[in-house]
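Structural description and commentary
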Amino acid sequence: MTINHLQSTTTLLNGVQMPWFGLGVFKVEDGSEVVSSVKAAIRNGYRSIDTAAIYGNETGVGQAISEALAETGLAREDLFITSKVWNADLGYESTIAAYEASLSKLGLEYLDLYLIHWPVKGKYKEAWRALETLYKEGRVKAIGVSNFQIHHLEDVMKDAEIVPMVNQVELHPLLSQQDLLSFSKKHNIQLEAWSPLMQGQLFDHPVLNDIAASHSKSVAQVILRWDLQRGIVTIPKSIKEQRIIDNANVFDFSLTDADMARIDALNENRRVGPDPDNFDF
Ligand SMILES: NC(=O)c1ccc[n+]([C@@H]2O[C@H](COP(=O)([O-])OP(=O)(O)OC[C@H]3O[C@@H](n4cnc5c(N)ncnc54)[C@H](OP(=O)(O)O)[C@@H]3O)[C@@H](O)[C@H]2O)c1
């Protein structure tokens, strides 16, 4: 596993290359806000963008992609675009229709990765069948899930033809997800961290500040480097170009084993988002 620049990729279990690092756009307004942040990311070397139907900004993400391709000379295949089917659309036909709707908003002919956003009981298996169909028909490059615990993965894999290639979950130093990481590695499911910066709640943490100072790096850079060294794809969100640049400046240093162990020890199983075993939406 060589992760030495912003465009380094992990190989998913079907051979598709997914960038280790990407930009998240949760809570980024559709229109000029999302257009300018996605374009700033691509201009500065990002190749992976993570959106979702429920974010309401797929139209702007699509506009940014088309403008960025025109301005940079990159090709569509150089980018890795992820979206997610929302809970209300889980079902066989409805998930396929949701995929078409996302493609149309994004102005794309295919997605690189399509995820089931939340493991809604009694609904995610039919949705998984739909994703398998989309994948087998060659309409999406890779398929996966989000917010799945080990038992959800085991449940879906029991009946699945295709093992989910990615699982995107809340993951940061206070929620290190070690068991899920071990399970994922065993089954070649790529783990991906959402809210890697705990939505901004970790910047005053004394241990993280201490480690950051020892490398002349920021706390954000230390956390994102910790993700990569654990073999976890990470997608921090920022709408500010300088932060977009700084967050990705993590390929010129390494955390020591002792640093890694100190960060691992911060785990409190503490979430900023909903609990996948107890949500009502
Ligand atoms: N699958 C799911 O259920 C799910 C759920 C949540 C999120 N996600 C995905 O994961 C992505 C990342 O998670 P997130 O957006 O929740 O949170 P995050 O990336 O952990 O944190 C984003 C927050 O940190 C700030 N920030 C970013 N870089 C910074 C820096 N270097 N210094 C100081 N502040 C900084 C941002 O503010 P500014 O924008 O003002 O810079 C924003 O307020 C999302 O955008 C989304 O794509 C998925």
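Predicted, not measured: the structure shown is a model, and the values here were computed from it. (Residues numbered from 1 in each chain as written. Predicted model: local features only at pLDDT ≥ 70, side-chain atom pairs only at ≥ 80, totals over all residues. Heavy atoms only, no water.)

1. Observations regarding the packing of helix α3 (residues 92-106) against helix α4 (residues 124-136)
Helix-helix packing: each pair is described by the crossing angle between the helix axes and the interaxial distance. Selection rule: Note on definitions: angles span 0 to 180 degrees between N-to-C directions of axes, and those axes are lines fitted to C-alpha atoms, for helices only across the stretch in contact. Numbered from the N terminus, helices here are DSSP runs of H or I no shorter than four residues, and strands are runs of E no shorter than two. The scheme is simple: roughly parallel for angles under 35 degrees, roughly antiparallel for over 145, roughly perpendicular for 65 to 115, oblique for anything else. Crossing handedness: left-handed means the near helix sits turned counterclockwise from the far one by under a right angle, and right-handed means the same turn made clockwise. We call two residues contacting when some pair of their heavy atoms lies within 4.5 Å. The classification used treats Ala, Val, Leu, Ile, Met, Phe, Trp, Tyr, Cys and Pro as nonpolar, Asp, Glu, Lys and Arg as charged, and all other residues, Gly among them, as polar.
Where α3 contacts α4, the axes come no closer than 8 Å and their chain directions differ by 50°. One way to sum up the angle between α3 and α4 is to call them oblique. The interaxial crossing formed by α3 with α4 has right-handed handedness. Along the contact surface, α3 presents Tyr92, Thr95, Ile96 and Tyr99, while α4 presents Glu126, Ala127, Arg129, Ala130, Leu131, Thr133 and Leu134. Its residues assigned to classes, the contact of α3 with α4 shows seven nonpolar, two polar and two charged.

2. Observations concerning unusual backbone geometry
The backbone of Gln177 sits at a positive phi, close to 60°, despite the residue not being glycine. The backbone of Asn188 sits at a positive phi, close to 55°, despite the residue not being glycine. Within the secondary structure, Asn188 sits in the loop between α6 (178-186) and β9 (190-194).

3. Thoughts on the UniProt feature "domain: NADP-dependent oxidoreductase" (unreviewed entry) in the chain
Applicable threshold: UniProt positions are given in the numbering used here, feature names are shortened, and annotations may be inferred rather than shown by experiment.
Using the residue numbers shown here, the UniProt feature "domain: NADP-dependent oxidoreductase" (unreviewed entry) corresponds to residues 32-268. Across residues 32-268, helical content stands at 46% and strand content at 14%; the span's end C-alpha atoms are separated by 38 Å.

4. Examining the packing of helix α1 (residues 32-43) against helix α2 (residues 58-72)
As a packed pair, α1 and α2 sit with axes 8 Å apart at the nearest point and diverge in direction by 40°. Comparing their axes, α2 and α1 come out oblique. The element α1 and its partner α2 pack so that their crossing is right-handed. Each of Val34, Val35, Val38, Lys39 and Ile42 in α1 lies in contact with α2, whose residues at this interface are Gly60, Val61, Gln63, Ala64, Glu67, Ala68 and Glu71.

5. So, the pairing of strand β7 (residues 140-146)
In plain terms, the rule: Whether a residue is buried, partly exposed or exposed follows from its accessible area with a 1.4 Å probe, protein chains only, as a fraction of its type maximum: under 20%, in between, or over 50%, in that order. Call a crossover right-handed when, viewed with both strands pointing away from you, the route from the first strand across the helix to the second goes clockwise. Only strands joined by at least two bridges in the DSSP assignment are considered to pair.
In terms of residue burial, β7 counts as a mostly covered element, since six of its seven residues are buried. Considered for its hand, the β-α-β crossover made up of strand β6 (residues 111-116), α4 and β7 is right-handed. By the bridge criterion, two bridges tie β7 to strand β8 (residues 166-170) in an arrangement that is parallel. Counterpart to Val145 in the pairing with β8 is Asn167.

6. Observations concerning the sheet that holds β9
Pairing is parallel across the open sheet formed by eight strands, whose spatial order is β3-β4-β5-β6-β7-β8-β9-β10. At either margin of the open sheet sits one strand with a lone partner, and together these are β3 (23-24) and β10 (233-234). Where strand β4 (residues 48-50) and strand β5 (residues 80-85) come together, three bridges link them in parallel fashion. By the bridge assignment, Ile49 is partnered in β5 with Ile81.

7. Looking at a positive patch on the surface
Heads up, the rule is: Note that patches include only residues with greater than 30% relative accessible area and no salt bridge, and the join distances are 9 Å for like charges and 5 Å for nonpolar side chains (Val, Leu, Ile, Met, Phe, Trp, Tyr). Surface accessibility follows the Shrake-Rupley procedure with a 1.4 Å probe radius. Residue values consider only the protein chains on display as shielding. The salt bridge definition used is simple: a Lys or Arg side-chain nitrogen within 4 Å of an Asp or Glu carboxyl oxygen. Under this rule, positive means Lys or Arg and negative means Asp or Glu; His and the chain ends count for nothing. Lys charges are placed at NZ, Arg charges at CZ, Asp charges at CG and Glu charges at CD.
A cluster of like positive charges, contributed by Lys27, Lys237, Lys240 and Arg243, occupies part of the molecular surface. Tracing the chain through its elements places Arg243 in helix α9 (residues 241-247).

8. What about the pattern of salt bridges?
Taken as a whole and assessed by the stated rule, the structure comprises 16 salt bridges. For the salt bridge of Lys125 with Asp155, the shortest nitrogen-to-oxygen distance reads 3.0 Å. With Lys125 in helix α4 and Asp155 in helix α5 (residues 150-159), the pair connects residues that are 30 residues apart, well separated along the chain. Of the residues examined, Lys125 reaches a relative accessible area of 28% and is grouped as partly exposed. In this structure, the salt-bridge partner of Asp252 is Lys217, at a minimum N-O distance of 2.9 Å. Of this pair, Asp252 sits in the loop between α9 and α10 (257-264) while Lys217 is found in the loop between α7 (206-214) and α8 (219-229), placing the two residues 35 residues apart along the sequence. Each of Lys125, Asp155, Lys158 and Asp159 takes part in a single network of salt bridges with overlapping partners.

9. Things to note about the pairing of β6
When you tally the buried positions in β6, you get six out of six residues, the bulk of the element. With four bridges joining them, β5 and β6 adopt parallel strand pairing. Along β6, the bridge assignment pairs Thr82 with Leu113. In this view, the connection linking β5 to its parallel neighbour β6 by way of α3 has right-handed handedness. When β6 meets β7, the two strands line up parallel, connected through five bridges. The residue of β7 that forms the bridge with Leu111 is Val140.

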